[in-house]
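# Survey of secondary and tertiary structure
One-letter residues, chain by chain:
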Amino acid sequence: MVLDTFKKYPSQISSAFRRFPVASALAVFSTLAFIFSNEIAPSRIEQEGHSFFFWLVFYPVGAMLLSIITTLVQEARKNTSKVPQIATGIAWFAISIALILYYPEEPDYYRHAYLFGAIYSIYATLILGLFVAPFFRQNNENQFWIFLHKNLKALFIAIGITGVLTLAIEGLIYGSVSLFDLGKISGKPYLYVFFFCRNTILPMLYLAGLPSIDERLDETPTSSKFTSGVCKLFIAVFTLYVALLYAYIAKILVQWDLPKGMVSYLVSASMLIMFLLVTEMYPAQLNPIKKIEKRLLKIFPAACIPLVILMTFGIIRRISDYGISEDRIYVFAINIYFYIIIAILLINKIKCKFRYLAIVFCAMLFVLMTGPFNATKITRGIWIDSIKATLAEEGYTKFPLNAQDTKSFLNTIDDKSPIVYSRVHILQDRSKKELAEFFETDSIYTDYNAILSTPPKDADKNKPKTLLHGSYSTNKTYDIPPYATRMEHIDKKFSKDEFELRNDTIFFQITPMKSEKAFHFAFPYKARAPEVPCTPEQIENSRKRMGENFNEKDVRCWDMTFRGDIIEATDNARIFKEMVHLDRKIVDGDTILNFEIKGIIFME
């Protein structure tokens, strides 16, 4: 049976080309566009900008999805005209041009957020349209349910075959290189094989397995024995989720305390399982014998009502403790959508429930991602208002603050108002223009990329004065040295020849990227004890280094601490350290030293 299925694929692919000619051509064009962008963009992006190459990536995929939807809708309405394909193609092309005109060539967090929000919303709508659009005018969901399963089956089979084919072709390339000693090759052949399989083979296999709308209109939805068994299994899982959350609700009522973390995840999982069960058990509505299943289709959504209310209180608790953020707005929107799902599933007068669920989902997504009240815009406004209020509380009335007052304000709210402090940090990281009204923005946060790209002759004019540096455990403010014209992140493990211990000082040198000059540093340290027990990690590291000569009894460890957060070089360089690690081990009488440092280096 499987062999017969594979034998049909060549003819089915040929039929797919005839059935979806525009989508097939766009699938091929998509592969060529991805390869072209990867091959040409690095050398031409400075002259031509990012927008054209960005357009090559997102336009053909969206055009292909829209073409498939248009063909399916025309089949459902028995329309063979070429006008709908032309009209939708022109519309998407115009939309894509408008999107790339909005694309910022310079770093701009908010424009990027709005742009990608619009693209994600459009893609989500198109993907849902593959399943819903052909049956938008149907009076019931029988044909939708049948087509949904056939559609998903075609998609999963196409993904499986494409995955195996991709691994096989890339394995063939790797084997050829190894057997014929072709030397080391770049990763581009593997990447381009992936592009070809994902962008062309996958869509063609999917289209080949996509059923015709006409063939499915007269069928009646039925569930197989396997599907019924899987549903029973998930009913048990759903019952356990509901029982767990009901028990937690009882605990809250007894202790009279608002819900804490994990509630939103568990409620979302419960709602997802419930929605899948209701979808898969749809044929029970048409079967007069299955009365228990019909009742369950109403009981399941009703059972989720207390859970969704619990999620609402959990979100209120998080917002009360930590304030508004984009993520919390998205979670709150999901919570509202859960209420809408339950209402639509419980109201009998609504016949085509999935149609309305899809409409509401897409509408909410567009509002949250691209509308005038999108999550990013709301969050930005609330955060700026909170910063204004904190400045007023601290007695600042003249703006923008100078460098000294800015530093003083940051140091004050670091402990007093950590939430506002983090908001200042995040807003300035997103765009230096955000807080220019209130602060000398160069004194809040350093734009790393700007420092890296600033030519030395312009460095004094544009150089920031202070750096808000996020370490692993705390946020600290450091003064950038006046001589600094460049900076670089460092994460370096030193070989034994690259550093030296003299008494209580580590001497080492670092040669930055794109530089021939080595900077020399001296860093004091102190051993906490002459000898301490080795940790399992230290012992394992020693085992790997010593190999057959390893003997755990001979390993000795010292624990070191380091003084200061700044490491000065002898020749105009400074390191703000995030982490320093030094261990010294004695194995068979030999001393083994390991030295590692992470941080930021500012250089002349």
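To be clear, the structure that these remarks concern was listed above.
Below is a summary of the structure that appears in this document. Note that this is a predicted model, so its numbers are computed, not measured.

A separate point is the packing of aromatic side chains. Overall, the coordinates contain 25 aromatic pairs when judged by the stated rule. When the ring of Trp55 is compared with that of Tyr59, the centres are 4.6 Å apart and the planes differ by 10 degrees; the resulting orientation is stacked. Here Trp55 pairs with Tyr59, and both are found in helix H3 (residues 51-76), just 4 residues apart, close to one helical turn. For Trp55, a relative accessible area of 11% translates into the label buried. In this structure Tyr59 comes out as buried when scored by relative accessible area, which is 13%. Taken together, the aromatic side chains of Phe36, Phe52, Phe53, Phe54, Trp55, Phe58, Tyr59, Trp92, Phe93, Tyr103, Phe116 and Tyr120 make up a single cluster linked through ring pairs. Directly above the aromatic system of Tyr102 lies the positively charged group of Arg111, at a separation of 4.4 Å from the ring centroid.

The next subject is the side chain of Arg317. As for its position among the elements, Arg317 is in helix H11 (residues 305-322). At a separation of 2.9 Å, a polar atom in the side chain of Arg317 contacts the side chain of Asp321. Non-local contacts of Arg317, meaning those with residues more than four positions away in its chain, are made with Asp257, Leu258, Pro259 and Lys260.

Counted at 1.5 Å a residue, the expected span for helix H16 (residues 418-430) with its 13 residues is 18 Å, and the 18 Å between its end C-alpha atoms agrees. All of the buried residues along H16 are Val420, Tyr421, Arg423, Val424, His425, Leu427, Gln428 and Arg430.

The final tally for this structure, using the stated rule, is 2 salt bridges. A salt bridge links Arg19 to Glu75; the shortest N-O distance between them is 2.7 Å. Here Glu75 lies in helix H3 and Arg19 lies in helix H1 (residues 2-19), a separation of 56 residues in the sequence. Residue classification places Arg19 among the partly exposed residues on the basis of a relative accessible area of 21%.

Moving on: the packing of helix H9 (residues 263-280) against H11. A packed helix pair is summarised by two numbers, namely the angle formed by the two axes and the spacing between the axes. It is the contact of H9 with H11, at a shortest axis distance of 9 Å, that shows an interaxial angle of 155 degrees. As judged from the angle between their axes, H9 and H11 are roughly antiparallel. In the packing of H9 onto H11, the handedness of the crossing is left-handed. Residue-level contacts link Val263, Ser264, Val267, Ser268, Ser270 and Met271 of H9 to Leu307, Val308, Leu310, Met311 and Ile315 of H11. Residue composition of the contact of H9 with H11, by class: 8 nonpolar, 3 polar and no charged.

Let us look at the environment of Cys362. Note that Cys362 resides in helix H13 (residues 353-370). The class of Cys362 is buried, set by a relative accessible area of 12%. Remark: the alpha-carbon pair of Cys362 and Leu126, spanning 236 residues in sequence, is separated by 9.7 Å. Beyond its immediate sequence surroundings of up to four residues, Cys362 is in contact with Thr125 and Leu128.

With that settled, consider the side chain of Arg423. Structurally, Arg423 is set in helix H16. Despite its burial, Arg423 pairs with no opposite charge, the nearest such side chain being Glu326 at 9.1 Å. Not counting residues up to four positions away in its chain, the partners in contact with Arg423 are Tyr322, Gly323, Ile324, Ile382, Trp383 and Ser386.

One can describe the packing of H9 onto helix H12 (residues 326-346) by two numbers: an axis separation of 11 Å at closest approach and a directional angle of 30 degrees. On the basis of the axis angle, H9 is roughly parallel to H12. Relative to H12, the crossing made by H9 is left-handed. Taking contact as the criterion, the partners of Ser264, Ser268, Met271, Met274, Phe275 and Val278 in H9 are, on H12, Val331, Phe338, Ile341, Ile342 and Leu345. Taken together, the residues of the contact of H9 with H12 sort by class into 9 nonpolar, 2 polar and no charged.

Cut-offs used in this document
As a convention, each chain's residues are numbered from 1 in the sequence order in which they are written. Local features in this predicted model are restricted to residues of pLDDT 70 or higher, and side-chain atom pairs are both shown and tallied only at a pLDDT of 80 or more, whereas totals for entire chains, interfaces and linings draw on every residue. To get the side-chain values, take all heavy atoms of the structure and skip hydrogens and water. Paired rings are identified among Phe, Tyr and Trp, the last through its six-membered ring, by centres lying within 6.5 Å, and are further divided according to the angle between planes into stacked (under 30 degrees), edge-to-face (over 60) and tilted (the rest). Each helix corresponds to a stretch of at least 4 residues labelled H or I by DSSP, and each strand to a stretch of at least 2 residues labelled E; elements are numbered beginning at the N terminus. Residue exposure (1.4 Å probe, protein chains only): buried if accessible area is under 20% of the type maximum, exposed if over 50%, otherwise partly exposed. Only lysine NZ and arginine CZ atoms are considered, and such an atom sits over a ring when it is within 6 Å of the ring centre and within 35 degrees of the ring normal. Counting of polar contacts relies on pairs of N or O atoms within 3.5 Å, with two restrictions inside protein: one atom must be capable of donating a hydrogen and the other of accepting it, and residues adjacent in sequence are counted only when both atoms are side-chain atoms. In what follows, a contact means two residues having at least one pair of non-hydrogen atoms within 4.5 Å. Each helix should span, by expectation, one fewer than its residue count multiplied by 1.5 Å. Take a side-chain nitrogen of Lys or Arg and a carboxyl oxygen of Asp or Glu: if they are within 4 Å of each other, that pair is a salt bridge. Note on geometry: axes are C-alpha line fits, over the in-contact stretch for helices, and angles between N-to-C directions span 0 to 180 degrees. Roughly parallel covers angles under 35 degrees, roughly antiparallel covers those over 145, roughly perpendicular covers 65 to 115, and oblique covers all other angles. Each crossing is labelled by how the near helix is turned from the far one, with a counterclockwise turn of less than a right angle marking it left-handed and a clockwise turn marking it right-handed. Gly counts as polar in this scheme, as do all residues outside two lists: the nonpolar Ala, Val, Leu, Ile, Met, Phe, Trp, Tyr, Cys and Pro, and the charged Asp, Glu, Lys and Arg. His is not counted here, nor are the chain ends, while Lys and Arg score as positive and Asp and Glu score as negative.

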